[in-house]
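Residue-level structural notes
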Amino acid sequence: MPSTSSGTRSRRGVPRLAATALAAAIALTGCAGGNEIEAGGEDDRFISGDGSSTTFEAAERVEAPEVEGTTLDGDTVSLGDYEGGIVVLNVWASWCGPCRAEQPVLDEVHAEYGDLGVDFLGVNIKDDETAARAYLSDKDVAYPSLYDQPGEVPQAFRDTVPPRAIPSTLVIDPDGRIAARVIGPTTYGQLTELLNPVVVEFGLGDPEERPRVADQEASPEDGEASPEEGGEQPSDAPSDGDDR
């Protein structure tokens, strides 16, 4: 059974991000802990994002749909480009407060898991393209984001494990199957706990041995030597040439 906690990737029929929206238009509600996305039909309602996560055991996973589109940098990218590695797919918008709050988490995990076969792909929906590009530049986001103004990517997932809020995050395993989902903003602890077992399952490395961004930020800056390394001595220590 899927495991839920609070707080068929087909290569056929690739749904491209067309200029026109799908018939079932997506409406967004207010921004509080994650924006709720709703589609037009009664059966297409999306739940609000509260940061809850769901994990799927290998035998229970369904394939992610193949999606393809243009990034905010102008490149053509598809999920198929990441075949053989883990993909963290994050749905966001520049005007979304929870998205801004979780961005440092995504950046940190992206930096730490790059050598463990983990890539990130953002999906910017219901947004102004200029504002979205400014967001990426201002936040210095290191991974690409598809520009999906109509919200077609979430719709492509509607028959699998849909990302039902802004923000939402999906973890897609190297076989193209959905291993986990977070509805609403994620945290460092939550996202790493979702990634670690998938990394181990596919033999991509030991997550416990990954470099920690927090540790690197806490270490002395390059060029600054500690007293033990020959830097500035304590005030009560005799210096070279001291007569004492």
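Here goes a summary of the coordinates provided.

Definitions and cut-offs
- Residues numbered from 1 in each chain as written.
- Predicted model: local features only at pLDDT ≥ 70, side-chain atom pairs only at ≥ 80, totals over all residues.
- Heavy atoms only, no water.
- Core = buried A, V, L, I, M, F, W, Y, C linked by side-chain atoms within 4.5 Å.
- Buried < 20%, exposed > 50% of the residue type's maximum accessible area, 1.4 Å probe, protein only.
- Helix = DSSP H or I, 4+ residues; strand = E, 2+ residues; numbered from the N terminus.
- Contact = heavy atoms within 4.5 Å.
- Lys, Arg positive; Asp, Glu negative; His and termini not counted.
- Salt bridge = Lys/Arg side-chain N within 4 Å of Asp/Glu carboxyl O.
- Polar contact = N/O pair within 3.5 Å; in protein donor to acceptor, adjacent residues only side chain to side chain.
- Arc of directions from axis to C-beta.

Some words on the nonpolar core
With 48 residues, the main nonpolar core has Leu79, Val118, Phe120, Leu121, Phe157 and Leu195 as its most contacted residues. Mapped onto this core, the elements with two or more residues apiece are strand S7 (86–92), helix H1 (97–113), strand S8 (118–125), helix H2 (129–139), strand S11 (168–172), strand S12 (178–183) and helix H4 (188–201). A per-element tally of this core places S7 first, with six residues. Apart from residues lying up to four places away in sequence, Leu121 is in contact with Val77, Leu79, Tyr82, Val87, Val88, Leu89, Asn90, Tyr143, Pro144 and Leu146.

Things to note about the environment of Glu209
By secondary structure assignment, the location of Glu209 is in the loop between H4 and helix H5 (213–218). In the structure, Glu209 is positioned 97 residues away from Glu112 in sequence and 9.9 Å away in space, judged by C-alpha atoms.

Let's talk about the side chain of Arg181
Following the sequence through the fold, Arg181 ends up in strand S12. Of the side chains with opposite charge, Asp50 lies nearest to the buried Arg181, which makes no salt bridge, at 9.2 Å. A distance of 2.8 Å separates a polar atom in the side chain of Arg181 from the backbone oxygen of Pro162.

Some details on H2
Of the positions making up H2, those classed as buried are Ala132, Tyr135 and Leu136. Take H2 and look down its axis: the buried residues cluster within an arc of 95°, on one side only. In H2, the exposed positions angled more than 90 degrees off the buried face are occupied by Thr130, Ser137 and Asp138. In the core, the buried residues of H2 are packed alongside S7, H1, S8 and strand S9 (145–148). Two or three places before Thr130, at the opening of H2, Asp128 has a side-chain oxygen 3.1 Å from that residue's backbone nitrogen. Note on H2: the residue one or two positions beyond its end, Asp140, has a positive phi of about 55°.

Read these as geometric descriptors, not functional statements.
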